[in-house]
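So you can see what is in the structure, the chains are spelled out below.
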Amino acid sequence: MFKSDFLWGSASSSYQVEGAFNVDGKGVSIWDEWVRIPGKTFKGTNGDIATDHYHRYKEDIALMAEQGLKTYRFSLSWTRILPQGHGKVNEKGIEFYNNIINECLKYGIEPMVTIYHWDLPKTLQDDYLGWESRQIVEDFTNYAAICFERFADRVNYWIVINEPNIFTELGYLLAMHPPGKTDMKLKFQAYHHTALVHASVVKLFKEKGYSGMIGSSIAYSNGYPASDTLEDIEACRRYYETVSYYNMDIYSKGEYPEWGFNYLKEMGVAPEVTLEDTILLKEAAKLSDFIGINYYQSNTLAYNPVNGVGLTVFNTTGEKGSSKESGIPGLFKMVRNPNLEYTDWDWVIDPQGLTQSLIEITNRYQKPLIISENGLGAFDKVEDGRVHDDYRIDYLAKHIKACHDALEEGVNLLAYCAWSFTDILSWLNGYQKRYGFVYIDFEDDNLPRLKKDSFLFYQEVIETNGRSILKD
Ligand code: BGP
């Protein structure tokens, strides 16, 4: 059963909701720049206005309160607080986040704060190539120190970094995110720097004696072998060694899986790891209070020879079935699972995979868990002033049930944050891929908010502490 203090929540990120991209002293982030390069996002969409949460936060948080949310997960925009990435604090930025935090608290909603959700200050990219350099550790830690000083008196849940594995993959392997590179060695080095940043910030938080809980959120997909052939079983093992466990271990154990690391070393793409790194990472792994998991889908793995298929860009149009096979030659390839349904963006729908993910992470790391994102991206239609999103209700009900199954197996799950509260900007898919409980008409300059059927569904889930979906 869900504990009586279980945190039912919903999540967003600064760039995807705030808008006001050049207002009140905010500096330029790498995303402000990236969206202006032709062809980088779906039909050139950007977050200049987004949902205008910057000006509409009171209305949005009032709706959250009406739904009964126990927590609102949002991220801080680094360039709103430190327009140059370091140096002088922009008090207007601090004021905005104080307002959000206080507005949440007014309704008894626990603010869950992500310090970094991909909108790196452009100055740091220009000065030293951002995540490619170890210099990021110092700048990020100083930025986090300011966030703690200003907000930790009221914030009990801190997520240092959101999905470091995704932004380094998309930024350094697939060139779909800034800085738009395709260099595997750089990807693994940048990922290593994210782990160092996490560790340094966690250590600071603990040394300063703040009372809240701190962790980071990794995108996690459990894996299945595509068949019972030894080749596919081995491909699945290799996937865990170089992806799932690889990404998690460095944050939660302070070291990489041995086989995976050695393989990358042989390929000449392993990151540089110093003795000091390992000491810091191991210390922080112990100090972290929880592991954040963003779960959307599982992966089905098959044998991929050394001259096999490489990584390919994915479906950003919503044309079902348009994605191509993708993999890492010599390790694995990801194939379609014939037993499962897919979304219009070709994301597999696999609630049981969530139960498996929660159990395997618990078994491996023995930490409390937070689901910091889970949800369904879909085309929604307004009909007679309503949005009947039964497909989303079905998706969420099954995934919440999957959380319950994991709880029954002894997983210590503290929170579930659905992605997202209102419809928001999808980084590469524009405004047509919708996740929210609240529909926003982006064609209308007033950006009107409309509660979908899923709003009421989740309201009942929260009101009954999950019992409403367990009854049948
Ligand atoms: C996660 C990100 C979110 C969000 C979500 C949905 O990877 O942390 O910011 O965007 O995925 O992804 P998408 O918008 O691509 O469908």
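Quick note: structure is the one above.
These figures come from a predicted structure and were not determined experimentally.

Take the site of the ligand next. As a matter of local geometry, the ligand sits amid 15 residues, with Q16, E163, S426, K433 and Y435 nearest to it. Interatomic distance of 2.5 Å between a side-chain N/O atom of Y435 and an oxygen atom of the ligand. Here the shell around the ligand is composed, by residue class, of six nonpolar, six polar and three charged.

Around the barrel, which closes on itself, the eight strands sit in the order β1-β2-β3-β4-β5-β7-β13-β14 with parallel pairing between neighbours. On average, adjacent strands in this sheet sit at an angle of 25° to one another, irrespective of strand direction. Strands in contact with helix α15 (residues 453–463) are β1 (7–11) and β14 (413–419); relative to β1, the strand with the most contacts, it is inclined by about 150°.

This next bit is on helix α12 (residues 275–287). Over its 13 residues, α12 extends 19 Å from the first C-alpha to the last, a length consistent with the 18 Å expected when each residue adds 1.5 Å. Considered for burial, the residues of α12 that qualify are D277, L280, L281, A284 and A285. The buried residues of α12 occupy an angular sector of 135° when projected down its axis, which confines them to one face. Exposed side of α12, more than 90 degrees from the buried face: L275, E276, I279 and K286 are the residues found there. On the buried face of α12, the contacting elements are α9 (184–207) and α10 (230–252).

Before going further, it helps to spend a moment on the pattern of salt bridges. For the structure shown, the criterion picks out 30 salt bridges. Put simply, E18 and R80 hold a salt bridge, and the shortest N to O gap is 2.7 Å. In this pair, E18 sits in the loop between α1 (14–17) and α2 (30–34) while R80 sits in helix α4 (residues 78–81), placing the two residues 62 residues apart along the sequence. Neither residue differs from the other here; E18 and R80 are each classed as buried. Here K452 makes a salt bridge to D380, at a shortest N to O gap of 2.5 Å. In this pair, K452 sits in the loop between β16 (449–451) and α15 while D380 sits in the loop between β13 (369–373) and α14 (390–408), placing the two residues 72 residues apart along the sequence. As far as the burial class goes, K452 and D380 line up, both buried.

Reading the values: the criteria
- Residues numbered from 1 in each chain as written.
- Predicted model: local features only at pLDDT ≥ 70, side-chain atom pairs only at ≥ 80, totals over all residues.
- Heavy atoms only, no water.
- Near = heavy atom within 4 Å.
- Polar contact = N/O pair within 3.5 Å; in protein donor to acceptor, adjacent residues only side chain to side chain.
- Nonpolar A, V, L, I, M, F, W, Y, C, P; charged D, E, K, R; others polar.
- Pairing = 2+ DSSP bridges.
- Helix = DSSP H or I, 4+ residues; strand = E, 2+ residues; numbered from the N terminus.
- Axes fitted to C-alpha atoms, helices over the stretch in contact; angles between N-to-C directions.
- Contact = heavy atoms within 4.5 Å.
- Expected span 1.5 Å × (residues − 1).
- Buried < 20%, exposed > 50% of the residue type's maximum accessible area, 1.4 Å probe, protein only.
- Arc of directions from axis to C-beta.
- Salt bridge = Lys/Arg side-chain N within 4 Å of Asp/Glu carboxyl O.

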